[in-house]
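So the chains spell out like this:
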Amino acid sequence: MLHQVDGLTGTVLQAHLIEGQTLKDLAQAMNCSRSSLRLHLHEGVQLLQQWA
(Lines give C-alpha, C1' and ligand atoms only; values in the text may rest on other atoms or scores of the structure.)
Protein backbone atom coordinates (compact mmCIF):
# COMPACT_ATOMS: atom_id res chain seq x y z
CA MET A 1 0.00 0.00 0.00
CA LEU A 2 2.83 2.39 0.76
CA HIS A 3 3.92 2.53 -2.88
CA GLN A 4 0.47 3.92 -3.78
CA VAL A 5 0.96 7.11 -1.74
CA ASP A 6 1.99 9.83 -4.18
CA GLY A 7 4.23 12.84 -3.99
CA LEU A 8 6.10 14.22 -1.02
CA THR A 9 3.82 12.37 1.39
CA GLY A 10 4.87 9.02 -0.05
CA THR A 11 8.51 10.02 -0.08
CA VAL A 12 8.40 11.08 3.58
CA LEU A 13 6.62 7.89 4.63
CA GLN A 14 9.14 5.73 2.80
CA ALA A 15 12.22 7.59 4.02
CA HIS A 16 11.14 8.05 7.63
CA LEU A 17 9.16 4.92 8.46
CA ILE A 18 10.89 2.36 6.25
CA GLU A 19 14.43 3.67 5.83
CA GLY A 20 14.64 5.21 9.32
CA GLN A 21 15.82 8.67 8.30
CA THR A 22 15.16 11.46 10.79
CA LEU A 23 12.84 14.31 9.93
CA LYS A 24 15.72 16.69 10.62
CA ASP A 25 17.91 14.98 8.01
CA LEU A 26 15.05 14.78 5.53
CA ALA A 27 14.24 18.46 5.99
CA GLN A 28 17.84 19.40 5.26
CA ALA A 29 18.02 17.12 2.23
CA MET A 30 14.68 18.32 0.82
CA ASN A 31 15.22 21.95 1.78
CA CYS A 32 11.95 22.27 3.70
CA SER A 33 10.87 22.56 7.32
CA ARG A 34 10.46 19.69 9.76
CA SER A 35 6.95 20.90 10.54
CA SER A 36 6.02 20.56 6.88
CA LEU A 37 7.39 17.02 6.83
CA ARG A 38 5.49 16.18 10.03
CA LEU A 39 2.26 17.29 8.33
CA HIS A 40 2.99 15.10 5.30
CA LEU A 41 3.85 12.19 7.58
CA HIS A 42 0.61 12.61 9.54
CA GLU A 43 -1.39 12.86 6.31
CA GLY A 44 0.24 9.71 4.95
CA VAL A 45 -0.36 7.70 8.11
CA GLN A 46 -4.01 8.75 8.12
CA LEU A 47 -4.34 7.73 4.48
CA LEU A 48 -2.84 4.31 5.17
CA GLN A 49 -5.18 3.86 8.14
CA GLN A 50 -8.17 4.62 5.94
CA TRP A 51 -7.03 2.02 3.40
CA ALA A 52 -6.47 -0.65 6.06
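Residues numbered from 1 in each chain as written. Predicted model: local features only at pLDDT ≥ 70, side-chain atom pairs only at ≥ 80, totals over all residues. Heavy atoms only, no water.

### Quick notes on the confidence of the model for the protein
So, point 1. Scored by pLDDT, the protein comes out at a mean of 93, with 100% of its residues at no less than 70.
So, point 2. By mean pLDDT, the top-scoring element of the protein is helix H2 (residues 23-30) (95), and the lowest-scoring one is helix H1 (residues 7-18) (93). (pLDDT = per-residue confidence, 0-100. Helix = DSSP H or I, 4+ residues; strand = E, 2+ residues; numbered from the N terminus.)

### Topic: the packing of H1 against helix H3 (residues 34-51)
So, point 1. Across the interface, H1 lies against H3 with an axial gap of 8 Å and an inter-helix angle of 90 degrees. As judged from the angle between their axes, H1 and H3 are roughly perpendicular. Between H1 and H3, the residues in contact are Leu8, Thr9, Val12, Leu13, His16 and Leu17 and Leu37, His40, Leu41, Glu43, Gly44, Val45 and Leu48, respectively.
So, point 2. For the contact of H1 with H3, the residue count by class is 8 nonpolar, 4 polar and 1 charged. (Axes fitted to C-alpha atoms, helices over the stretch in contact; angles between N-to-C directions. Parallel < 35°, antiparallel > 145°, perpendicular 65-115°, else oblique. Contact = heavy atoms within 4.5 Å. Nonpolar A, V, L, I, M, F, W, Y, C, P; charged D, E, K, R; others polar.)

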